[in-house]
Amino acid sequence: MRLLVIEDESKLADYLHKGLSENGYVVDVARDGIEGRHLATQGEYDLLLLDLMLPGIDGFSVLKAVRAQGNTPVLMLTARDKVEDRVRGLQDGADDYLVKPFAFSELLARVGALLRRGAATTGAAHAPTQLRLADLEVDLVSRKVHRADKRLDLTAKEFSLLSLLLRRGGQILSRTTLAEQVWDMNFDSDTNVVEVAVRRLRAKLDDPFTPKLLHTVRGMGYVLEERQ
C-alpha cells in the first residue's frame with residue numbers, strides 16, 4: 001500500500017514517515033500544499049494523510065483538487081479542533097479527521113480502517129487487495145500471507161518486499177529498486193540489507209514449499225514467478 005503524507009511540520013512528517021514505513025507501508029512525503037496537490041493528483045496512492053494548515057495552498061484546496069479527480073481516501077490531520085473546521089473538511093470530501101496531538105496507534109488503526117473501506121467501495125478491478133501466485137495468497141489490507149493454506153509470519157519489511165515483488169509479478173526488480181521502494185533509501189553497494197531481507201523471506205516463503213517462487217537473476221535482481 002502506498003501512502004502520501006502532506007505535512008509541513010518536519011518532525012511530525014518524519015515521525016509519520018518512519019512509523020508508517022516500519023509498519024510496511026510505502027510512504028511519500030510532501031511538505032507544502034502545492035507539492036502535495038501535485039503528488040496527490042499525479043501519483044497513484046491508496047491513502048492520503050493531509051494537514052489543513054499548509055504553506056502555498058491549504059489542505060482544503062488540496063482536498064478539492066483530489067476530489068475533483070477521484071475517490072482516494074483522505075485522512076485529515078490538523079491542530080484545528082473547531083466543529084466548523086471538522087464539518088467543512090468532511091463536507092469537502094475527507095473520509096476521516098484526526099486532531100493533533102494524536103496517538104500513533106490510533107492513526108494506524110484509522111489508516112487500516114480507511115484502506116479496508118476503500119477496498120470495499122472501489123472494488124478489486126480498480127485496486128486489487130488480494131494477490132495470488134500459485135498457492136501463495138497475500139491480503140494487502142489485512143496484511144496476512146498464506147502459502148498452501150499455511151499462515152506465514154512475516155515482518156513489516158518482509159511483507160512490503162513480498163507485496164512489491166508480487167505486484168510486479170514476472171518483472172525483475174533490481175536491488176536499487178527494492179532499496180528505494182521498500183526501505184526508502186538510496187542504494188549503497190556496501191549495504192547488504194536487500195540480500196539479507198530476501199534471504200529471510202525466501203526461508204519462509206520457499207524453503208518449506210514447492211514450487212520455488214522467489215528467484216535470483218544474476219547481475220540483475222530478483223523476480224517472483226512460478227517456473228515450470
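The structure under discussion appears in the preceding block.
All of the points below concern the structure found in this document.

The rules behind these values
- Residues numbered from 1 in each chain as written.
- Predicted model: local features only at pLDDT ≥ 70, side-chain atom pairs only at ≥ 80, totals over all residues.
- Heavy atoms only, no water.
- Helix = DSSP H or I, 4+ residues; strand = E, 2+ residues; numbered from the N terminus.
- Buried < 20%, exposed > 50% of the residue type's maximum accessible area, 1.4 Å probe, protein only.
- Contact = heavy atoms within 4.5 Å.
- Areas by Shrake-Rupley, 256 points an atom, 1.4 Å probe, with all protein chains shown as cover.
- Lys, Arg positive; Asp, Glu negative; His and termini not counted.
- Charge placed at Lys NZ, Arg CZ, Asp CG, Glu CD.
- Expected span 1.5 Å × (residues − 1).
- Pairing = 2+ DSSP bridges.
- Axes fitted to C-alpha atoms, helices over the stretch in contact; angles between N-to-C directions.

### Observations regarding the overall build of the protein chain
Moving on, step 1. A count of helical and extended segments in the protein chain gives eight helices and 11 strands.
Moving on, step 2. Overall, the C-alpha framework of the protein chain stretches about 60 × 40 × 30 Å when taken along its three principal axes.
Moving on, step 3. Taking all 228 residues of the protein chain together, 45% fall into the buried category.
Moving on, step 4. Considering only residue pairs separated by 6 or more positions, the protein chain has 56% of its internal contacts joining residues 24 or more positions apart.
Moving on, step 5. About 11,600 Å² of surface is accessible on the protein chain, with carbon and sulfur atoms providing 47% of the total.
Moving on, step 6. Separation between the mean location of the 32 positive side-chain charges and that of the 34 negative ones in the protein chain comes to 3 Å.

### Let's talk about helix α1 (residues 10–22)
Two residues of an α-helix separated by three or four positions point the same way, owing to the 3.6 residues in each turn.
Moving on, step 1. Across its 13 residues, α1 extends 18 Å between first and last C-alpha, which sits within 8% of the 18 Å expected from 1.5 Å per residue.
Moving on, step 2. Residues of α1 that are buried: Leu-12, Ala-13, Leu-16, His-17, Gly-19, Leu-20 and Ser-21.
Moving on, step 3. Remark: Gly-24 follows α1 within two positions and exhibits a positive phi of approximately 95°.

### Examining the sheet that holds strand β1 (residues 2–6)
Moving on, step 1. Taken in spatial order, the five strands of this open sheet run β2-β1-β3-β4-β5, and their pairing is parallel. Only two strands of the sheet have a single partner each, and these edge strands are β2 (26–30) and β5 (96–99). The average undirected angle you get between the axes of adjacent strands in this sheet is 20°.
Moving on, step 2. Here strand β3 (residues 47–51) pairs with strand β4 (residues 74–78) via four bridges, running parallel. When the sheet's bridge partners are listed, Asp-51 is paired in β4 with Leu-77.

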